[in-house]
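Take a look at the letters that make up each chain.
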Amino acid sequence: MRTRKALVVRGGWEGHDPVGCTESVMPSLERAGFEIEVADDLTVYEDPGLLAATDLVVHSWSAGGLTAAQEANLVDAVEAGTGFAGWHGGVVATNVANPRYLRMVGGRFLWHPDGFQQFTVRIAAAPDRDGEITEGVTDYAVETEHYWVLTDSLNTVLATSVLTPGAADPWHEPVEFPVVWTRRWGAGRVFVCTLGHRVADLRVPQTAAIVGRGLVWAARA
């Protein structure tokens, strides 16, 4: 049986604890039999041969920016079958000047209310597909940053939440946003979870199960 390879790329803004958060999820990849390589520099995306030989890229680099070559190599690899996954700002609050990256990921962070909010993660009862990622998980409460994201209809939404802006906000109606989604991009699979500001968020049992399954799901079979 072939040993699948995962590349964990981490760094950027330290407020999202890229080292601690990636360390917290890597055991799930190890249990699934992955051989893991860790890169602490975005220059790893300048090696198209490495990316082509990688079955899953886990990107945890908030507030980053890819060069044209890095973006092209990464997206080309995903389009050819390399899986791509990430959570929170490490995947949707980064590379905002890289349109090919943003189209591949299928979403971008826009705003969140100040501080941590209490809200409910609503599991899609009957997702169009990929329901094995959330199988057995029911709606659950979290307290963390509540992301307002821009997404599109190519995503398969597996979980949502409802954000109600404060009285001073120009928009007062509750807005439902995706929290977990999957996406096909060329021959590659993409998994995104907007939770994960800190290690504690990724250790919530339901979130840990979803992220662990999502990483494995996204990898090349």
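Summary of the structure given here. In this text the structure is predicted, and so the values were computed from the model without any measurement.

**Quick notes on the sheet that holds strand β11 (residues 188-193)**
So, step 1. Spatial ordering of the open sheet is given by β2-β1-β3-β4-β11-β10-β9-β6-β7, a layout of nine strands whose pairing is mixed. Both outer strands of the open sheet, β2 (35-39) and β7 (140-144), are each paired with one neighbouring strand and no more. Direction aside, the axes of adjacent strands within the sheet are offset by 20° on average.
So, step 2. Where strand β3 (residues 56-62) lies against strand β4 (residues 83-87), three bridges are found, and the strand directions are parallel. Bridging from a neighbouring strand, Leu 56 pairs with Gly 83 of β4.
So, step 3. Taken strand by strand, helix α1 (residues 18-31) contacts β1 (5-12), β2, β3 and β4, and its axis lies near 170° from that of β1.
So, step 4. Packed onto the sheet, helix α7 (residues 205-218) meets β3, β4, β6 (117-123), β7, β10 (175-185) and β11 and runs at close to 165° relative to β11.

**Concerning the pairing of strand β9 (residues 156-163)**
So, step 1. A large share of β9 lies buried, amounting to six of its eight residues.
So, step 2. Relative to β10, β9 runs antiparallel, the two being bridged by seven bridges. Residue pairing for β10: Thr 156 is matched across the bridge by Thr 182.

**Comments concerning the packing of aromatic side chains**
So, step 1. In the structure shown here, the tally under the stated rule is four aromatic pairs.
So, step 2. For the ring pair Phe 84 and Tyr 101, a centre distance of 5.8 Å and an interplane angle of 85° mean the geometry is edge-to-face. Placement of Phe 84 in strand β4 and of Tyr 101 in helix α5 (residues 99-105) is noted, with a sequence separation of 17 residues between them. There is no split in this pair, since Phe 84 and Tyr 101 are both buried.

**Some points on the pattern of salt bridges**
So, step 1. Taken as a whole and judged by the stated rule, the model has nine salt bridges.
So, step 2. In this structure, the salt-bridge partner of Arg 100 is Glu 79, at a minimum N-O distance of 3.3 Å. With Arg 100 in helix α5 and Glu 79 in helix α3 (residues 68-79), the pair connects residues that are 21 residues apart, well separated along the chain.
So, step 3. Among the salt bridges present, the one from Asp 201 reaches Arg 198, with a minimum N-O distance of 3.0 Å.
So, step 4. Given the relative accessible area of 6%, Asp 201 is considered buried.
So, step 5. Linked by salt bridges that have partners in common, Arg 2, Asp 55 and Arg 220 make up one network.

**Topic: α7**
So, step 1. When the terminal C-alpha atoms of α7 are compared, their 20 Å separation across 14 residues agrees well with the 20 Å that a helix rising 1.5 Å per residue should span.
So, step 2. Among the residues making up α7, those that are buried are Thr 207, Ile 210, Val 211, Gly 212, Gly 214, Leu 215, Trp 217 and Ala 218.

Calculation criteria
Residues numbered from 1 in each chain as written. Predicted model: local features only at pLDDT ≥ 70, side-chain atom pairs only at ≥ 80, totals over all residues. Heavy atoms only, no water. Pairing = 2+ DSSP bridges. Helix = DSSP H or I, 4+ residues; strand = E, 2+ residues; numbered from the N terminus. Axes fitted to C-alpha atoms, helices over the stretch in contact; angles between N-to-C directions. Contact = heavy atoms within 4.5 Å. Buried < 20%, exposed > 50% of the residue type's maximum accessible area, 1.4 Å probe, protein only. Phe/Tyr/Trp six-rings, centres within 6.5 Å; stacked < 30°, edge-to-face > 60°. Salt bridge = Lys/Arg side-chain N within 4 Å of Asp/Glu carboxyl O. Expected span 1.5 Å × (residues − 1).

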